[in-house]
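What follows is each chain in one-letter form.
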Amino acid sequence: MPCNCCEMENNTFGEEEAKANLKEYRRRGPAKQTRLILEAVRSLGLNHATLLDVGGGIGTIHHELMKDIASEAIHVDASSAYLKIAMDEAKRLGHSEVKFIHADFTDVADDLPQVDVVTLDRVVCCYPNFRELLKAASLKSRTAIVLTYPRETWYLKMGFAIANFFQKLKKDPFRIFIHPIEEMELLLNGEGLRRVSTRRLFVWEMSLYQRS
Ligand SMILES: C[S@@+](CC[C@H](N)C(=O)[O-])C[C@H]1O[C@@H](n2cnc3c(N)ncnc32)[C@H](O)[C@@H]1O
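All values derive from a computational prediction rather than experimental measurement.

**Q** What exactly am I supposed to notice about the site of the ligand here?
**A** For the ligand, the set of nearby residues contains 19 residues, the closest of which are G55, D77, F105, D121 and R122. Between an oxygen atom of the ligand and a side-chain N or O atom of D77, the distance comes to 2.6 Å. Protein contact buries 94% of the 590 Å² of open area that the ligand shows by itself. Class assignment of the residues belonging to the shell around the ligand gives a composition of 10 nonpolar, 4 polar and 5 charged.

**Q** Is there a simple way to think about the packing of aromatic side chains in this case?
**A** Any aromatic ring pair is given by two values, namely how distant the centres are and how the planes are angled relative to each other. A full pass over the atoms with the stated rule returns 5 aromatic pairs. Measuring from centroid to centroid gives 5.7 Å for W154 and Y155, while their planes differ by 90 degrees, and the two rings are edge-to-face. Take W154: its relative accessible area is 63%, and that puts it in the exposed class. Joined through ring pairs, the aromatic side chains of F13, Y82 and F174 make up one cluster.

**Q** Is there a simple way to think about helix α2 (residues 15–28) in this case?
**A** One turn of the α-helix equals 3.6 residues, which is why residues spaced by three or four share an orientation. With 14 residues, α2 extends 20 Å from end C-alpha to end C-alpha; this agrees with the ideal 20 Å at 1.5 Å per step. Considered for burial, the residues of α2 that qualify are A18, L22 and Y25. Buried residues in α2, looked at end-on, bunch into an arc of 65 degrees, giving them a common side. Facing away from the buried side of α2 by more than 90 degrees, the exposed set consists of E16, K23, R27 and R28. For α2, the elements touching its buried residues are α4 (60–65) and α5 (80–93).

**Q** Just checking my understanding: could you explain unusual backbone geometry for this structure?
**A** In the Ramachandran plot, H48 falls in the positive-phi region, its phi being about 50 degrees despite a non-glycine side chain. Position of H48 relative to the elements: it lies in the loop between α3 (32–42) and β1 (49–54). By relative accessible area, which is 65% here, H48 ends up exposed. Residues other than glycine seldom take positive phi values, yet K171 does so here, at roughly 60 degrees. By relative accessible area, which is 74% here, K171 ends up exposed.

**Q** In this structure, what is going on with the pairing of β1? I would like to understand it.
**A** Side-chain direction in a regular strand flips from residue to residue, so the side chains alternate between the two faces of the sheet. Burial runs high along β1: 6 of the 6 residues are buried. Because side chains alternate across β1, one face comprises the buried residues A49, L51 and D53, and the other comprises T50, L52 and V54, equally buried. Pairing analysis gives 6 bridges linking β1 to strand β2 (residues 70–77), with the strands arranged parallel. Note on β2: the bridge partner recorded for D53 is H75. Regarding topology, α4 serves as the crossover connection from β1 to the parallel β2, and that connection is right-handed. In the sheet, β1 pairs with strand β4 (residues 115–121) via 3 bridges, with the strands oriented parallel. Pairing of L52 across the sheet is with V118, part of β4.

**Q** Sorry, what's going on with the sheet that holds strand β3 (residues 98–102) here?
**A** Two strands in a sheet stick together by hydrogen bonds in their backbones, pointing the same way (parallel) or opposite ways (antiparallel). Taking strand neighbours across the sheet as the criterion, the 7 strands line up as β3-β2-β1-β4-β5-β7-β6 in an open arrangement whose pairing is mixed. Because the sheet does not close on itself, it has two edges, and the strands there are β3 and β6 (193–200). Here the strands of the sheet are splayed against their neighbours by 15 degrees on average, with no regard to which way each runs. As defined by bridge partners, strand β5 (residues 141–150) adjoins strand β7 (residues 204–211) across 7 bridges and the pair is classed as antiparallel. Along β7, the bridge assignment pairs T148 with M206. This element, helix α7 (residues 130–139), spans β1, β4, β5, β6 and β7 of the sheet and lies at about 150 degrees to β5. The strands touched by helix α9 (residues 181–190) are β5, β6 and β7; relative to β5, the strand with the most contacts, the crossing angle is about 175 degrees.

**Q** Looking at this structure, I do not really get the environment of A18. What am I missing?
**A** The topology assignment puts A18 in helix α2. C-alpha of A18 to C-alpha of V108: the two residues are 90 residues apart in sequence and 23 Å apart in space. Contact partners of A18, with chain neighbours within four places excluded, come to I58, A81, Y82 and I85.

Criteria and thresholds
- Residues numbered from 1 in each chain as written.
- Predicted model: local features only at pLDDT ≥ 70, side-chain atom pairs only at ≥ 80, totals over all residues.
- Heavy atoms only, no water.
- Near = heavy atom within 4 Å.
- Polar contact = N/O pair within 3.5 Å; in protein donor to acceptor, adjacent residues only side chain to side chain.
- Areas by Shrake-Rupley, 256 points an atom, 1.4 Å probe, with all protein chains shown as cover.
- Nonpolar A, V, L, I, M, F, W, Y, C, P; charged D, E, K, R; others polar.
- Phe/Tyr/Trp six-rings, centres within 6.5 Å; stacked < 30°, edge-to-face > 60°.
- Buried < 20%, exposed > 50% of the residue type's maximum accessible area, 1.4 Å probe, protein only.
- Helix = DSSP H or I, 4+ residues; strand = E, 2+ residues; numbered from the N terminus.
- Expected span 1.5 Å × (residues − 1).
- Arc of directions from axis to C-beta.
- Contact = heavy atoms within 4.5 Å.
- Pairing = 2+ DSSP bridges.
- Right-handed = clockwise from strand over helix to strand, strands pointing away.
- Axes fitted to C-alpha atoms, helices over the stretch in contact; angles between N-to-C directions.

Structure (structure tokens):
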């Protein structure tokens, strides 16, 4: 399906990277920041939960949660390479109740059903319009939204600026973003979601927002 950001994401998140991510996941399990998301979702005490994973990459979140608390999942990703790897792995694990959609989530959100939990693991930092992305994600969430995003630290601001400078030199349009955490929170509060927990790593911060 053609979309605004798919071509860019296909170039950035291609087959090589997807294969390497899967290898790493099979060897070591979920990455540290993904484990924080998994813990947060499990802390909600849901059974037979429905999930929507936006920008789910190789599908780690649903591969893990379909083993215990989830019964259905939707995985929307702008990268076709990541989506294919996620699909093959879900098939291997016997998770037939996962639906895969290749699209920019903001283009297809209106057509998707509401679910219990929406997750965005390291996704807002790949998308320039965080307001559109988070608003669409929050409208799909009945119970909670869990996300990871880069912390607003001086060392990350410097690192991201350097990385974006090299992207510009390479004439690659893909950019990474440190979006203002307070503004993301205000937006989610405006959609009826309250932050109930936050955990921090060196780069990533994870927040769980629950519908009040
Ligand atoms: C850094 S990767 C993270 C993948 C995975 N969540 C993880 O943490 O391993 C960002 C992912 O978000 C996807 N993505 C970014 N913006 C998106 C959008 N607007 N709609 C759908 N997918 C998006 C990219 O294609 C990519 O797979």
